[in-house]
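Survey of secondary and tertiary structure
Spelled out, the chains give:
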Amino acid sequence: MRKIDDIKDYLIAAIILILAVSLMVNRHDGSLQNTRKISITALSFLEQPLSNIRIYRQAISTNTYLHRQNILLQDQLSRLRSVEQQNQVLRSLLNLREQSDLPLIPVQIVAKNLISVNSFLTVSAGETSGIRVGMPVINSDGLVGTVILTSNNYAQVLPYNNSVFRVSAQVEGSRAYGIVSWPDNSTQELVLQFVPETIEVIPGQSVLTSGFTNYYPAGIPIGEVTRVEPGSGVDTQTIYLNAFTDLYSLSEAFIIEFAPDTTVNNLIEEQSNLF
Amino acid sequence: MIRSENIRIFLAGLGVIAVQVMLLRHLQIFGAEPDLILIFLLWLCKSKSRTTVLLYAAGLGLMHDALIDLWGIHMFSKTLMVLILHSYLNRISKNKFIFWQVVLIVFIAAIIHNITFFSVTVYSDLYTSGPQLIMRLLIGSVYSAILGGFLHMVKEDK
């Protein structure tokens, strides 16, 4: 009896297995297509109640992914902005180099002290690069300062925001000459003095080096006039200007290989010896 | 009475398929899912004749296949698994089992089922990645075994 049951079971199993194999083999046949459509509809019906939960779960994971992407993109954006800023600086430096007739030595600012009374900059080139004391330092915006100390590979620069800094300057478009110095009360504000009151100076005019002192070549931009005040008890006016160069963001500069004319210097010495 | 019991089992089988398709199919670990239908068939093997369980295996396997569009694959592997294991499971059905014994039995049954299942799927070109297939085979079997063990514990507590 048990054998008969076994044979029956094996027969049933064989039929089922053959049916299963035939389904596997013919699952892409046209005859099954309608049944497949019905089964997919049934599955969709069964899945519907849970689909909202799944959508919510997926939305959470998508949200996490987008958060991560957002942070990465923010990082990338800030890097690109930084690179763009550097690119603009370098481009303007290159333009300056192409436009300037003076021999220029490109330098990098390796040390900077702008907050103490004795402010200074240190640049990455020295005597071996041909840098000498007294050479003007500029960047694409304008005057930075002047070289005051040199070693073989480094040089120290006196920036315009030092109380002992002086430069002979003129207001662009007029023949008003004076001396630019740092008033010691603002980071980027300079003052031009000894300009006669008879000469009209208006805010917005540029102030350039005059070249009269034989220390700086003429025509280096210094700053833009912001306000003009009459001098108290004197017939000259006090002109305030905003320096073109931002020393705080300065990282590259050029040193002008400018040597004072010795003949002019000798004459000045002779003149001072006379009195 | 017999007919009503069969209807009850059949309805329970439909419920198991619904849970498998609606819930367990989405609770995957490393791409592997537990097989509640297999556990249900193993439970049936304890008390039902081989003929009955073979027919349930074929029917439930076919319905499962129809819902996930794997026509004939679950039907084949589940029928073969019942054919191989029914006599042994029926023979030990009088024993009392503890958790790890149930886990081991379900694991062995799941391994037999999954080997058949993946052999057939490889034959029918449904899976092409070998390492992924082996991972699913092992993890799916462990996952089913743990689920079976927990269900056994819940049933015992009642």
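Above this text you will find the structure in question.
Let me sum up the structure you'll find in this document.

Rules used throughout
Residues numbered from 1 in each chain as written. Chains lettered and ligands numbered in written order. Predicted model: local features only at pLDDT ≥ 70, side-chain atom pairs only at ≥ 80, totals over all residues. Contact = placed C-beta atoms within 7 Å. Helix = DSSP H or I, 4+ residues; strand = E, 2+ residues; numbered from the N terminus. Nonpolar A, V, L, I, M, F, W, Y, C, P; charged D, E, K, R; others polar. Axes fitted to C-alpha atoms, helices over the stretch in contact; angles between N-to-C directions. Left-handed = near helix turned anticlockwise from the far one by under 90°. Core = buried A, V, L, I, M, F, W, Y, C linked by C-beta atoms within 7 Å. Buried ≥ 20, exposed ≤ 12 C-beta atoms within 10 Å, placed from the backbone. Expected span 1.5 Å × (residues − 1).

**Some points on the interface of chain B and chain A**
With 21 residues of chain B at the contact, the number on the chain A side is 21 residues. The set of elements that each furnish at least two residues to the side of chain B that touches chain A consists of α1 (2-22), α3 (50-68) and α4 (73-91) of chain B. Within the side of chain B that touches chain A, the residues separate by chemical class into 14 nonpolar, five polar and two charged.

**Some details on the packing of helix α2 (residues 36-47) of chain B against α4(B)**
Residues and elements named next belong to chain B. Interaxial distance between α2 and α4 falls to 9 Å at its minimum, and their mutual angle equals 35 degrees. The element α2 and its partner α4 pack so that their crossing is right-handed. When α2 is examined against α4, the residues I37, L38, L41, L42, C45 and K46 are found in contact with a partner set consisting of K78, V82, L85, H86, L89 and N90. The residue makeup of the contact of α2 with α4, split by class, is eight nonpolar, two polar and two charged.

**Here we look at the nonpolar core**
With 51 residues, the main nonpolar core has B:L41, B:L42 and B:V106 as its most contacted residues. Every element with two or more residues in this core is listed here: α1 (2-25) of chain A together with α1, α2, α3, α4, α5 (99-123) and α6 (130-157) of chain B. Among the nonpolar cores identified, the runner-up in size contains 39 residues, and A:V147, A:A169, A:A176 and A:L192 belong to it.

**Concerning α3(B)**
Residue and element names in this part refer to chain B. Counted at 1.5 Å a residue, the expected span for α3 with its 19 residues is 27 Å, and the 26 Å between its end C-alpha atoms agrees. Along α3, 14 of the 19 residues are buried, which leaves the element largely enclosed by surrounding structure. Immediately beyond the C-terminal end of α3, within one or two residues, lies D69, with a positive phi of roughly 60 degrees.

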